[in-house]
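# Chains, contacts and geometry: an overview
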Amino acid sequence: MPRDHRPAKSVRVLLAEDQGMMRGALALLLGLEEDIEVVAQVARGDAIVGSALETRPDVALLDIELPGRSGLDAAADLREQCPDCRVLILTTFGRPGYLRRAMEAGAAGFLVKDGPVEDLAEAVRRVLRGETVIDPALAAAALSAGPSPLTARECDVLKASVDGATVSDIAGTLHLSESTVRNYLSSAIGKTGTRNRMEAMREARQQGWL
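Residues numbered from 1 in each chain as written. Predicted model: local features only at pLDDT ≥ 70, side-chain atom pairs only at ≥ 80, totals over all residues. Heavy atoms only, no water.

Here the focus is the pattern of salt bridges. One pass over the structure, following the stated rule, counts 14 salt bridges. For R125, the salt bridge identified is with D35, shortest N-O distance 2.7 Å. Residue R125 is found in helix 5 (residues 117–128), and its partner D35 is found in the loop between helix 1 (20–31) and strand 2 (36–42); the two are separated by 90 residues along the sequence. The exposure class of R125 is buried, given its relative accessible area of 18%. Classification of D35 by relative accessible area gives partly exposed; the value is 23%. Among the salt bridges present, the one from R126 reaches E131, with a minimum N-O distance of 2.9 Å. Each of the salt bridges in this network shares a partner with another, and the network as a whole consists of E33, D35, E122, R125, R126, R129 and E131. (Salt bridge = Lys/Arg side-chain N within 4 Å of Asp/Glu carboxyl O. Helix = DSSP H or I, 4+ residues; strand = E, 2+ residues; numbered from the N terminus. Buried < 20%, exposed > 50% of the residue type's maximum accessible area, 1.4 Å probe, protein only.)

Our next topic: the pairing of strand 4 (residues 86–91). Across the six residues that make up strand 4, a large majority, five, are buried. Running through helix 3 (residues 71–81), the crossover from strand 3 (residues 59–62) to the neighbouring parallel element strand 4 is right-handed. When strand 4 meets strand 5 (residues 109–112), the two strands line up parallel, connected through four bridges. For I89, the partnering residue across the bridge sits in strand 5 and is F110. (Right-handed = clockwise from strand over helix to strand, strands pointing away. Pairing = 2+ DSSP bridges.)

Structure (structure tokens):
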């Protein structure tokens, strides 16, 4: 629909998605809705807040796994710096831990990408009305899974374990002693029921705890 035929109060949407084809398709499909206007598109998590401050969207539609900064961290930033902007998480990864973290970050909704665009458009409208919109199957899974057993420091140590980092590397990155790093790693391995830190990291990512 031509821009000048839109309602005077269209819902202004910021779209954050690192895959160009997906971002373009979502923007096109949402733009076909008479009452929705995509006013900003970004490919990096660290560009979300700046773009939101510039364009003042009503709803930010965020992927989780973005370069620069995760959509979950950006959601928390938006809550502080753009409190009038409602956040809707849209992700390929329907992990229970992600849902809990999204809600803690102040997100108003959480959907997976395999749903129809009509449902997404309606979710945008609903969160703007002040409702909370959560994929029903994911909500049930999150309740069943319970909260993350890992502490913030255990998560930090697991995140720092990527790419074959040694205990010494992790200690230097996090400004901890090597013995402290080993203790955190041992605790994380025990809590995830795995055999080593790489398995622990994979399990924590699979659950959405990292």
